Amino acid sequence: MPSIVTQSTSPPPLRIPSREVSAHKGNFGRVLLVGGSRGMAGSIALSSIAALHTGSGLVAAAVPDCILDCVAGFHPALMTIGLPDDGQRFSDAAWESTQDRLSAQAAVGCGPGITTGSGGAKMVEGLLAKKDLPLVLDADALNLIAQQNWFADDRFGRNKDDAACVLTPHPGELQRLTGAPASEVDGQLEAATEMANRLGLTIVVKGGPSHVVYQDGNGEADVWRNTTGNPGMATAGCGDVLTGVVTSLLGQGLSGPDAARLGVWIHGRSGDEAAARFSRAGMTAQQVLDALMLVADEMTEAANEQGS
Ligand SMILES: NC(=O)C1=CN([C@@H]2O[C@H](COP(=O)(O)OP(=O)(O)OC[C@H]3O[C@@H](n4cnc5c(N)ncnc54)[C@H](O)[C@@H]3O)[C@@H](O)[C@H]2O)[C@@H](O)CC1
Ligand SMILES: Nc1ncnc2c1ncn2[C@@H]1O[C@H](COP(=O)(O)OP(=O)(O)O)[C@@H](O)[C@H]1O
Ligand SMILES: [Mg+2]
């Protein structure tokens, strides 16, 4: 088991450049969040709005057309793309309708609320195969990979010339992916380390605390332990928020390991701010989302550090 590097609660593990006075939306990336279904429209909305609060310039949610109006209603700045559905969730035609939009995206996040139907499976398989596209996979996208056993061989592995691919499983999803019991933290980190090394992925093992497992360039995986966050985040949708945060940071040009570590750190900071302003028992993913806009500048270098 590789040694674990524990992050200080402050400062963050890294910082992104402060914003130039002349900045425009294009400087901060256009990203796409793909998922949602009837009954789980909130998940993809949480991910998409989290990307906006993490600083993305442009964010669109690609959702089953049957929930488009619902998702669009969550935030006026969010753009929405209605994809073919079966009345509940993506139909098999959804992936074909998505492909020609991907070249414009700096990063894609997929999985929240997508369910494990065949339309979602075609979407996830297509995204996994697009190795030039920075990608975050969460929730049912991970459950589909487990069900289809897509990680049994190296077909979807990414080498150092490929774009980043970040997985964000909670322990239940990681158990489905690797067989390592959700109750055994060391076993799960070892399984994540094996997958990170074999497939060139960055893996966020979510929990209290979360860990990020990633290849550090000399071919061996490192394990990084986060120290922000609190049990108040054990509430529906907090993982969906993280998916949007990491997707946004990939879209702003960070590597997989950097986007995952900084994303987990700022996500936990938002959870801590939400707990302080409300309560651990009473906070929801909405408050974590709202707190994100309060702490987001903690990720950037002070202007004078930039000399601007
Ligand atoms: N408002 C919404 O639309 C929401 C939609 N969601 C979606 O619901 C779908 C299912 O996700 P869920 O995570 O709820 O369901 P899962 O079935 O994946 O996870 C729930 C089960 O996994 C295990 N598990 C989860 N976290 C664990 C931990 N930290 N330690 C040990 N075991 C753990 C437990 O057995 C738990 O009962 C996903 O697509 C997700 O995006 C959820 O994110 C909740 C909010
Ligand atoms: N006890 C805890 N301490 C710190 N963070 C936690 C704790 N419980 C849950 N979290 C965080 O909340 C999020 C839960 O993710 P997930 O289970 O995918 O939620 P959902 O799918 O409902 O959005 C993860 O980022 C996890 O690290
Ligand atoms: Mg989740």
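Criteria and cut-off values
- Residues numbered from 1 in each chain as written.
- Chains lettered and ligands numbered in written order.
- Predicted model: local features only at pLDDT ≥ 70, side-chain atom pairs only at ≥ 80, totals over all residues.
- Heavy atoms only, no water.
- Helix = DSSP H or I, 4+ residues; strand = E, 2+ residues; numbered from the N terminus.
- Rg over C-alpha atoms; globule rule 2.2 N^0.38 Å.
- Buried < 20%, exposed > 50% of the residue type's maximum accessible area, 1.4 Å probe, protein only.
- Contact = heavy atoms within 4.5 Å.
- Near = heavy atom within 4 Å.
- Polar contact = N/O pair within 3.5 Å; in protein donor to acceptor, adjacent residues only side chain to side chain.
- Areas by Shrake-Rupley, 256 points an atom, 1.4 Å probe, with all protein chains shown as cover.
- 1 Å grid on protein atoms, 1.4 Å probe; cavity = no way out; pocket = protein on both sides within 12 Å on 5 of 7 lines; lining within 4 Å.
- Sits in = over half its atoms within 2 Å of the grid points.
- Nonpolar A, V, L, I, M, F, W, Y, C, P; charged D, E, K, R; others polar.
- UniProt positions renumbered as here; feature names shortened; annotations may be inferred.

Draft legend 1. Fine view of the overall build of the protein. What the protein contains, in helices and strands, is eleven helices and ten strands. The C-alpha atoms of the protein give 18 Å as radius of gyration, which agrees with the globular expectation for 308 residues (19 Å, within 12%). In terms of overall dimensions, the protein has C-alpha extents of about 50 × 45 × 40 Å along its principal axes. Here the protein holds 308 residues, and 54% of them are scored as buried. Contacts spanning at least 24 positions in sequence make up 70% of the contacts within the protein whose residues lie at least 6 apart.

Draft legend 2. A look at the site of ligand 2. Among the 15 residues in the neighbourhood of ligand 2, the closest are listed as Lys-206, Ser-210, Gly-237, Gly-239 and Asp-240. Met-233 has a polar backbone atom sitting 3.1 Å from an oxygen atom of ligand 2. Between Gly-237 and ligand 2, the recorded distance is 2.9 Å, taken from a backbone N or O atom to an oxygen atom. The protein chains hide 77% of the 570 Å² of surface that ligand 2 would expose on its own. The cavity that encloses ligand 2 is the largest pocket. Per-element tally for the shell around ligand 2: the top contributor is helix 8 (residues 238-251), with three residues. Tallied by class, residues from the shell around ligand 2 come to five nonpolar, eight polar and two charged.

Draft legend 3. Here's a closer look at the site of ligand 1. Not every one of the 17 residues close to ligand 1 is listed here, only the nearest: Gly-113, Asp-140, His-170, Arg-176 and Asp-240. With respect to ligand 1, the backbone of Ser-43 contributes an N or O atom lying 3.0 Å from an oxygen atom. At 3.0 Å from an oxygen atom of ligand 1 is found a side-chain nitrogen or oxygen belonging to Arg-176. Within the complex, the protein chains bury 54% of what would otherwise be the 840 Å² of accessible surface of ligand 1. When residues of the shell around ligand 1 are traced back to their parent elements, those giving at least two are helix 1 (41-53) and helix 6 (171-178). Classifying every residue of the shell around ligand 1 by side-chain character gives six nonpolar, seven polar and four charged.

Draft legend 4. Helix 10 (residues 285-295), seen in detail. Within the sequence span of helix 10, burial applies to Ala-285, Gln-287, Val-288, Leu-289, Ala-291, Leu-292 and Val-295. The inward-facing, buried residues of helix 10 contact helix 1, helix 8 and helix 9 (256-277).

Draft legend 5. Highlighting the UniProt feature "binding site: AMP" (unreviewed entry) in the protein. When the UniProt feature table is mapped onto this chain numbering, "binding site: AMP" (unreviewed entry) sits at Lys-206, Gly-207, Gly-208, Pro-209, Ser-210 and Gly-239. A stretch of 34 residues holds the annotated residues, and the largest C-alpha distance among them is 13.2 Å, short enough that they meet in one place. Residues from the named set that contribute to the lining of the largest pocket are Lys-206, Gly-207, Gly-208, Pro-209, Ser-210 and Gly-239. In this fold, Ser-210 is placed in the loop between strand 8 (202-205) and strand 9 (211-215). Judged by relative accessible area, which is 12%, Ser-210 ranks as buried. Ignoring sequence-local partners within four residues, the contact set of Ser-210 consists of Val-205, Trp-224, Arg-225, Asn-226 and Val-264. At 3.1 Å, the side chain of Ser-210 forms a polar contact with the backbone nitrogen of Gly-207.

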